[in-house]
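Fold and contact review
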Amino acid sequence: MSEDILDARLENLPADTLDKEREIESALRPEDFTGFIGQQKVVAQLSLILQAAKKSSRTPDHVLLAGPPGLGKTTLAMIIANELNAPLRITSGPAIVHAGDLASILTTLSVGEVFFIDEIHRASRAALEMLYLAMEDYRVDVVLGKGAGATAVPIEIPKFTLVGATTRSGALPSPLRDRFGFTAQMEFYEDKEIKEILNRSSQVLGIEIDDNDLNQIASRSRGTPRVANRLLRRVRDYLEVHGAVEDWVDQALTLYEVDPLGMDRMDRNYLSALINNFAGGPTGLNTIALAVGEEAETLESLCEPYLVRLGFLARTPRGRMATSKAFNYFNMVPPAHIFGFTGENGGATLFD
């Protein structure tokens with residue numbers, strides 16, 4: 001999931017309104033480390049790496065940003081380029097289908113350019129293997145011809161800094177992971193950090209909102225800045241249409257089916273299917289996906305990390321299981337095989 005995708009609703013807006021929305025979206029992103037809220041350890045580590053590289057006039061090491069979607073990986077890549085005063089080239093793993101796609105980008109990079117690949121784990125295997133030489137020796141081998149007459153022609157490329165973003169670092173080949181000089185593990189945000197982000201974003205959006213309302217949005221944001229800013233824009237829409245009626249923030253979030261825990265309709269459908277259709281599990285992810293009419297990958301990336309964090313879901317060797325807390329959420333008594341099960345011993349997060 002790319003971090004710089006605007007809401008789908010922007011597609012149908014007039015050109016002048018669309019430009020304004022894009023300006024707002026860009027303004028919501030900090031341009032340097034001082035304006036970046038949260039991820040203090042990662043920011044301190046990255047800042048040190050960049051300062052050392054600038055002092056010695058060398059190209060910084062390649063950087064891998066790992067962690068759940070929506071935590072600011074694309075924003076950090078932009079900040080890295082800004083801090084280095086270098087151009088930024090952006091692509092995504094799914095767009096790199098063939099090694100030639102990657103070679104065409106690498107051979108046109110300028111000296112010191114920052115090359116950002118979002119969802120790098122989803123690039124083709126051949127392309128990832130091409131990165132081995134490019135990252136280490138700043139060279140790509142282009143194969144000309146086929147069969148016995150094929151020859152590999154080495155092409156030198158300028159020194160660059162690769163910034164890769166992934167939600168599944170374990171899916172990357174070990175030789176590729178080893179070539180990154182620094183791996184940053186992004187963590188979910190505390191509510192107070194989300195509140196700071198919301199406070200800044202509300203000023204950009206021109207929304208007058210009090211402390212209690214900010215706390216309410218922050219508590220429903222799943223520890224994720226992208227979710228927080230999306231909810232804030234929906235709250236802005238509600239304010240523009242209905243005005244500041246009593247409990248307007250709660251009414252807006254309720255309208256969009258975001259409950260006080262931050263769960264949305266898809267989360268509740270997932271748990272409801274697991275509990276009502278399969279007695280709480282254990283059940284395979286593909287079976288649950290069929291029951292709720294969603295792709296398994298969507299449930300795995302969007303729902304499961306947060307449900308595990310809430311203690312409502314456990315990933316066990318036998319399949320997914322709802323915990324007793326999940327049954328309590330629906331005011332249901334857990335069956336005997338679930339009663340007292342918290343998932344603490346059998347659960348596993350998606351980002352081990």
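Use the structure listed above.
First, a word on scope: everything that follows refers to the structure included in this document. A quick note: this is a predicted structure, and the numbers were derived from the prediction, not measured.

The relative placement of two packed helices comes down to the angle between their axes together with the axis-to-axis distance. At a closest axis distance of 9 Å, the pairing of helix α8 (residues 211-219) and helix α10 (residues 248-255) adopts a crossing angle of 20°. The angle between α8 and α10 places the two elements in the roughly parallel class. α8 and α10 meet at a crossing whose hand is right-handed. Facing Asp213, Gln216 and Ile217 of α8, the residues of α10 in contact are Trp248, Val249, Asp250 and Leu253. Of the residues in the contact of α8 with α10, the class split is 4 nonpolar, 1 polar and 2 charged.

Topologically, Ser324 is positioned in helix α14 (residues 324-329). Relative accessible area serves as the criterion here: at 12%, Ser324 is assigned to the buried category. Sequence separation of Ser324 and Leu313 is 11 residues, and the distance between their C-alpha atoms is 9.2 Å.

Turning our attention to the pairing of strand β9 (residues 319-322). Examined bridge by bridge, strand β8 (residues 313-316) and β9 share 4 bridges and lie antiparallel to one another. Note on β9: the bridge partner recorded for Arg315 is Arg320.

A sheet is described by the order of its strands in space; here 5 strands give the open sequence β2-β3-β6-β1-β7, paired in parallel fashion. Of all the strands in the sheet, just β2 (88-92) and β7 (182-185) have a single pairing partner and so form its edges. Averaged over all adjacent pairs, the angle separating strand axes in this sheet is 15°, with direction ignored. Across 4 bridges, the pairing between strand β1 (residues 63-66) and strand β6 (residues 161-166) is parallel. Directly across from Leu65, in β6, lies its bridge partner Ala165. Set on the sheet, helix α2 (residues 40-55) makes contact with β1 and β7; between it and β7 the angle comes to about 160°. Across the sheet, helix α3 (residues 73-84) is in contact with β1, β2, β3 (114-118) and β6; its angle to β3 comes to roughly 175°.

Here we come to the packing of aromatic side chains. Scanning the entire structure with this criterion turns up 3 aromatic pairs. Relative to Tyr329, the ring of Phe312 lies with its centre 5.6 Å away and its plane at 50°, an arrangement referred to as tilted. Linking Phe312 in the loop between α13 (296-310) and β8 with Tyr329 in helix α14, this pair joins segments that are 17 residues apart in sequence. Aromatic side chains Tyr329 and Phe330 sit 5.0 Å apart centroid to centroid with 90° between the ring planes, which places their arrangement in the edge-to-face category. Residue classification places Phe330 among the partly exposed positions, given a relative accessible area of 26%. Of the aromatic side chains, those joined through ring pairs into one cluster are Phe312, Tyr329 and Phe330.

Once that is clear, we can look at the pattern of salt bridges. Counted under the stated rule, the structure contains 14 salt bridges. The partner of Arg125 in a salt bridge is Glu129, and the shortest N-O contact between them spans 3.8 Å. With Arg125 and Glu129 both in helix α5 (residues 125-137) and 4 residues apart, the pair spans about one turn of that helix. Looking at Arg125, the relative accessible area reads 52%, which means it is exposed.

In terms of nonpolar packing, the biggest core is built from 45 residues, with Leu46, Leu76, Val163, Leu198 and Ile217 touching the most fellow members. Setting aside residues up to four positions removed in sequence, Val163 forms contacts with Val63, Leu65, Ala77, Ile80, Val114, Phe115, Phe116 and Ile117. In terms of nonpolar packing, the next biggest core, distinct from the first, is built from 26 residues, Leu102, Ala127, Leu131 and Ile157 among them.

Rules behind the numbers
- Residues numbered from 1 in each chain as written.
- Predicted model: local features only at pLDDT ≥ 70, side-chain atom pairs only at ≥ 80, totals over all residues.
- Heavy atoms only, no water.
- Axes fitted to C-alpha atoms, helices over the stretch in contact; angles between N-to-C directions.
- Helix = DSSP H or I, 4+ residues; strand = E, 2+ residues; numbered from the N terminus.
- Parallel < 35°, antiparallel > 145°, perpendicular 65-115°, else oblique.
- Left-handed = near helix turned anticlockwise from the far one by under 90°.
- Contact = heavy atoms within 4.5 Å.
- Nonpolar A, V, L, I, M, F, W, Y, C, P; charged D, E, K, R; others polar.
- Buried < 20%, exposed > 50% of the residue type's maximum accessible area, 1.4 Å probe, protein only.
- Pairing = 2+ DSSP bridges.
- Phe/Tyr/Trp six-rings, centres within 6.5 Å; stacked < 30°, edge-to-face > 60°.
- Salt bridge = Lys/Arg side-chain N within 4 Å of Asp/Glu carboxyl O.
- Core = buried A, V, L, I, M, F, W, Y, C linked by side-chain atoms within 4.5 Å.

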